[in-house]
Structure formats: C-alpha cells, structure tokens
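# An overview of the molecular structure
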Amino acid sequence: MSLFPYLVAAWLFCIGLYGVVTSRNFIHLVMCLAVVQSSTYVLLLTIGYRIGGMPPVFAGVPVGTPAVDPVVQALMLTDIVVEATVVALLLSLAVQVHKGTGTLNPDHLRELQG
Amino acid sequence: MNPRFRRYFFLISVVAFFGVFAWGLHDLPPFGHYRGPYGDILNHVAVYERHATDVVTAVNFDYRGFDTLGEESILFMSVIGTSLLLRPQKKETDNNDGKADNSLQRDLDESERRRAPAASDAARVLTLALVGPLIVFGWYIVTHGQLTPGGGFQGGVILATPPLLVYLAGDLKTFKRITRQEWVEAIEGAGIFGFVLVGLLGLFVGGAFLQNLLPLGQTGSVISAGTVALLNIATGLAVSGGFVQLIYVFLEQTLEVKLRVQGGK
C-alpha cells in the first residue's frame, strides 16, 4: 500500500487534465484546473509524511518528538490561499468572455472577432 | 483540433506521463518513511532559534519569508487583475439614457430574473450573530500563528467572511458600506507594504532582508517569535483585504441591480 498516495496524486492530475482537455464550459475548465493543482498537494504532503509522526507543532510537546516535514506543509498552506485568488482571476476572465461573446464554450470561440 | 483527436492526444500524453511519473517515483522513499534532512533540522532548531512552537509558521514567515512575499505578490496581482477585469464598464453604468445597447439589456434582464427571495429571519439572525465571533476568531488565528496551527493566511480568510455574512443576511446597504473600496484597498495595500517594511528593517540595521531582529520573547506566549508575529498580522490584513475585494467585485456584477430593485420596493 505504500504506493497508494502517489497513485491518488497521479489520478487527480490525470482526471483534472482530462476535464481541461474535454471541457465545454470555461467555469468547469477552471474547476478542473483546481483539481490538477490539488494533485500537487497530495504528492508533496505524501513525500513529507512520516508514519507515527505528529504535526510539526511543538506547543506542549518536547522538541525531538518525531514529526512530519514542516516545509511541504508551509508550501501547501500558502498555495491553498493563493490558488483561491488565481481561480477568482480565471473566473473573472470567464465572466468577461461570456459578456463579450455570449458563450462559455471554448469550442465556440474559434472565429476571431474584431 | 477535433474532440476525437484531442482525446487520443490526451491518452498518449497520459501514458507518457505515467512513464515519467514511475521513473520519478523510483527513487522516492516509500510512503511514510520521510528521509529529507531539512524538515527534521527545522523541527529541531525552530523552537530554540525562533521561540515559535508552530514550525510551519516559522518556515513561512521566517526561514522562507522571502518565498511568502512572492506568494503574497501572486495573491495581490490576482486580486488586482480580477478587479480590473470586472470593473464596471461605461455601458453598464450609463443605462438610464435609453441608449444602452442590447447586450447590456440582456445582462440586466438575466440578473433581475435571478433575483433570490429575501433572506428569512432565521438566516438573518444566525448570520448577523456570527459576525462578531468571527472577527474575534479571525484575529485569534492571526495572532496565535507562531504558537498553534494558524497564522495570517488562515486568519485572513476568516476575517473576510463577516462581510459575506452581511450580504447573505440580505443587508445590501450595510454590505456596500463596510466594503467601501478605498478602505478595502487600503487594508490590502497596507498588508503587503507592511510585510515589505518589516523585511526592510533588517536591511536598515545592516542585516539581511526579512531578518528576525526583534526580541524573541518567551516561547509559548502570544508576543514571541519576533517579526513572525508582525508578518502574520501584515499577511492577515493583505489576505482579508484581498478576499473582501474579490467577494465585492463578483457580487458587484449583480449588486447594482439588486439595490435598484430593493430601493424601488
């Protein structure tokens, strides 16, 4: 079972990418991109995990107790918040596309409009 | 590229991806057997060196504070980009002259049809009663970042929820008043600027950018870990300002219409 978390990360990456490739709606596409990004969370947290390790918070716990890697957790923590704002930026692009063309389907945006 | 070809192309890419992924996994430690040195070193030294019991916060706001500044700039830029893209356009505001074009008329009509029923009394009592506790809780999370899980990012998001609750309670006038643009923008800007300013302090005394030069205080007390606490507050301001700004610009798309409908009643 030691491969299982890595496979979950790969699965999230692929299923999200499949959604991006076949998407017929920009909002759906942005959500799929968020799924792709969440695969990196699973992968990095998996690499930093240690069986029996406690969270890297030493409030009332002696230093030296086995704990998981704090570096990957710090990466994830900032990225979750930043990702939300990037998703908002992409969604605002979708809003503008819909205002300008009346459609959210990427396939209907073939022709260049002057 | 037609959809069929796109799917085949995707399949080939996935096969190639799994090849590279398997190759990459080959040298990784098995799940649960962490062996990188950095995490263990930090877990051992952070409490003594920085007097912070939450090592994740110590990494974010001290050891790798410069990276967090980068992340915050991404956040700042995304919020600015969203505000720019969704700012009210001339044709959307000048709709009283009777010369509004058709696309605008269509937008307005859709918004009117989307109008939700007024918030029930139960929803209003619950949401408005939560506003105070959430502000206290948000600041608690921001200021205790160096002790327990929490910090500027998490607390900032919590601090951005009270305006949303006011909106959910159906009180649009209050919502507009507490999300006054100049205030929200000033809070967000002050957060980013404060972060840079704390960083520059280190340069002024002849040290490194973002060097932790304040007294470290007693481990476990709220005022400890030196600049980590200040940077947490700055980040909390930036994140809460940014999220309120995002909430505002998205709601603004329908807000003007709603306010007009409410005022006309």
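Preceding this paragraph is the structure being described.
This one's a predicted model, so the numbers in the text were calculated from it and none came from an experiment.

## Some details on the overall build of chain B
- From N to C terminus, chain B includes 12 helices and 0 strands.
- When its helices and strands are written in sequence order, chain B yields α-α-α-α-α-α-α-α-α-α-α-α.
- Sequence-distant contacts in chain B: of pairs separated by 6 or more residues, those separated by 24 or more amount to 69%.
- In the structure as shown, chain B presents an accessible area of about 14400 Å², 67% of it carried by carbon and sulfur atoms.

## Observations regarding the overall build of chain A
- Within chain A one finds 3 helices and 0 strands.
- Within chain A, buried positions represent 42% of all 114 residues.
- Within chain A, residue pairs in contact and separated by at least 24 positions form 54% of the contacts whose partners lie at least 6 positions apart.
- Carbon and sulfur atoms form 72% of the exposed surface of chain A, whose accessible area is close to 5700 Å².

## Things to note about the pattern of salt bridges
Residue and element names in this part refer to chain B.
- Evaluated as defined, the whole model comprises 6 salt bridges over all chains.
- Ionic pairing is found between Glu49 and Arg50, a salt bridge with its closest N-O pair at 3.7 Å.
- Among the ionic pairs, Arg50 bridges to Asp62, the shortest N-O distance being 2.5 Å. One end of the pair, Arg50, is in helix H2 (residues 37–50); the other, Asp62, is in helix H3 (residues 55–63), with 12 residues separating them in the sequence.

## So, unusual backbone geometry
Residues and elements named next belong to chain B.
- At His51, a position not held by glycine, the phi torsion is positive, near 55°.
- Considering the arrangement of structural elements, one finds His51 in the loop between H2 and H3.
- A relative accessible area of 22% means that His51 is categorised as partly exposed.
- Although it is not a glycine, Leu210 sits at a positive phi angle of roughly 65°.

## Re a nonpolar patch on the surface
Residue and element names in this part refer to chain B.
- Residues Leu201, Phe204, Val205, Leu213, Leu214 and Leu230 make up a contiguous nonpolar surface patch of about 540 Å² in total accessible area.
- Residue position: Leu201 is located in helix H11 (residues 181–204).
- On the basis of relative accessible area, Leu201 is assigned to the partly exposed category, the value being 35%.

## Points about the interface of chain B and chain A
- Across the boundary between the two partners, chain B contributes 54 residues, which contact 52 residues of chain A.
- For the chain B and chain A pair, buried surface summed over both sides reaches about 4700 Å², with 70% attributable to carbon and sulfur atoms.
- Counting the contacts that link chain B with chain A gives 1 salt bridge.
- Between B:Asp40 and A:Arg50 there is a salt bridge, with the nearest N and O atoms lying 3.0 Å from each other.
- The interface formed by chain B and chain A contains 12 residue pairs in polar contact (both at pLDDT 80 or more).
- The set of elements that each furnish at least two residues to the side of chain B that touches chain A consists of helix H1 (3–26), H2, H3, helix H4 (65–85), helix H6 (102–113), helix H8 (152–159) and helix H12 (227–264) of chain B.
- Per-element tally for the side of chain B that touches chain A: the top contributor is H4(B), with 9 residues.
- The residue inventory of the side of chain B that touches chain A, partitioned by class, reads 31 nonpolar, 15 polar and 8 charged.

## Let's talk about the environment of B:Leu164
Residue and element names in this part refer to chain B.
- When you line up the elements, Leu164 lands in helix H9 (residues 161–168).
- Of the residues examined, Leu164 reaches a relative accessible area of 31% and is grouped as partly exposed.
- Taking C-alpha positions, Leu164 is 9.8 Å from Thr179, a pair spaced 15 residues apart along the chain.
- In this view, Leu164 contacts Ile247 and Leu251; residues no more than four positions away in its chain are not counted.

Cut-offs applied
Residues numbered from 1 in each chain as written. Chains lettered and ligands numbered in written order. Predicted model: local features only at pLDDT ≥ 70, side-chain atom pairs only at ≥ 80, totals over all residues. Heavy atoms only, no water. Helix = DSSP H or I, 4+ residues; strand = E, 2+ residues; numbered from the N terminus. Contact = heavy atoms within 4.5 Å. Areas by Shrake-Rupley, 256 points an atom, 1.4 Å probe, with all protein chains shown as cover. Buried < 20%, exposed > 50% of the residue type's maximum accessible area, 1.4 Å probe, protein only. Salt bridge = Lys/Arg side-chain N within 4 Å of Asp/Glu carboxyl O. Patch = residues over 30% accessible without salt bridge, like charges linked within 9 Å, V, L, I, M, F, W, Y side chains within 5 Å. Buried area = accessible area lost by both parts, 1.4 Å probe. Polar contact = N/O pair within 3.5 Å; in protein donor to acceptor, adjacent residues only side chain to side chain. Nonpolar A, V, L, I, M, F, W, Y, C, P; charged D, E, K, R; others polar.

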